[in-house]
Amino acid sequence: MKTLKYLFDRNLAWAASIKEKDPEFFSRLSKQQAPEYLWIGCSDSRVPANQIVNLQPGEVFVHRNIANVVVHTDLNCLSVIQFAVEVLKVKHIIICGHYGCGGIKAALEDHEHGLIDNWLRHVKDVIRFNAEKFKGLKHDEKLNLLCELNVKEQVTNICNTTIVQNAWKQGRELSVHGWVYNIENGILKDLDTCITSRDG
Ligand code: CO
């Protein structure tokens, strides 16, 4: 017996609706993917990369983890970045955080959550690096600020990877962007941290 049958039903309906509009869609896509964008975002179910920027399958390469963190020793994330930059030759890397992020909230508070507290140490580091900026703010303001500062920190981390550094040394066209998504209204905000070369 097929479990989650309703999801398979939905899948058939979805594939049929795409083929109705574009009969060659899947056969074309099966031959190659050529996305221009690498999206690194939060695993939160409310922040799905393709839908937010209204892109079709094949148009964005995606990596997601809790609180959209890029850690220098995370082979998973680094492998995604390497493949995207060196093989797919994406032109843009977007790091997208979101307001109302549970990971950011957990990092700002002092409760224990188990294993994930170790992952969220990276976000706690962002608080430590920017301690002055949090002084005198209300809790909600701190949450929103941390969402933004975390994105900026991860933009820096991406730029510092050997992968991105080497792409720039080779004169490749590659931009790193920092964005925050608002789950309350569906709108993206550009943090104006776009970096396009080793000079910033
Ligand atoms: Co989140």
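Mind showing me how you'd approach the domain arrangement of the protein here?
By a widespread convention, an interface's size corresponds to the accessible area lost as its parts come together. Domains assigned within the protein are domain 1 (1-31) and domain 2 (33-190). Inter-centroid distance (C-alpha atoms) of domain 1 to domain 2 is 30 Å.

In this structure, what is going on with the nonpolar core? I would like to understand it.
As a rule of thumb, nonpolar side chains are buried together in soluble globular proteins. Judged by nonpolar contacts, the single largest core of 47 residues is most densely connected at Leu38, Ile40, Ile81, Ile93 and Ile158. For this core, the elements supplying multiple residues, two or more each, are strand E1 (37-42), helix H4 (75-87), strand E3 (92-98), helix H5 (102-108), helix H7 (121-129), helix H9 (139-159), helix H10 (162-169) and strand E4 (175-182). Sort the elements by how many residues they give to this core and H9 lands first, with nine residues. Dropping the residues within four chain positions of it, Leu38 is found in contact with Phe61, Val62, His63, Val80, Ile81, Ala84, Val90, His92, Ile93 and Ile94. In terms of nonpolar packing, the next biggest core, distinct from the first, is built from nine residues, Trp39, Val47, Val60 and Cys96 among them.

Which parts of the structure should I look at to understand the pairing of strand E5 (residues 187-190)?
Across a regular strand the side chains alternate sides, sitting on one face of the sheet and then on the other. Relative to E5, E4 runs antiparallel, the two being bridged by four bridges. The residue bridging Tyr181 from the neighbouring strand is Leu188, located in E5. Between E4 and the antiparallel strand that follows it, E5, lie four residues; Gly186 among them carries a positive phi value of about 80°.

What counts and how
Sequence order as written defines the numbering, with residues in each chain counted from 1. Note on the predicted model: pLDDT of at least 70 is required for a residue's local features to be given, and 80 or more for side-chain atom pairs to be given and counted; whole-chain, interface and lining totals, by contrast, use all residues. Side-chain measures were taken over the full set of non-hydrogen atoms in the model, leaving aside hydrogen atoms and water. Domain segmentation is taken from an automatic or database assignment of domains. Note on terminology: a nonpolar core comprises buried Ala, Val, Leu, Ile, Met, Phe, Trp, Tyr and Cys residues joined through side-chain atoms within 4.5 Å. Burial classes follow relative accessibility: with a 1.4 Å probe on protein chains only, a residue under 20% of its type's maximum area counts as buried, one over 50% as exposed, and anything between as partly exposed. Comment: elements are numbered from the N terminus, with helices defined as DSSP H or I runs of at least four residues and strands as E runs of at least two. Should any heavy atoms of two residues lie within 4.5 Å, those residues are considered in contact. If DSSP finds at least two bridges between two strands, the strands pair.

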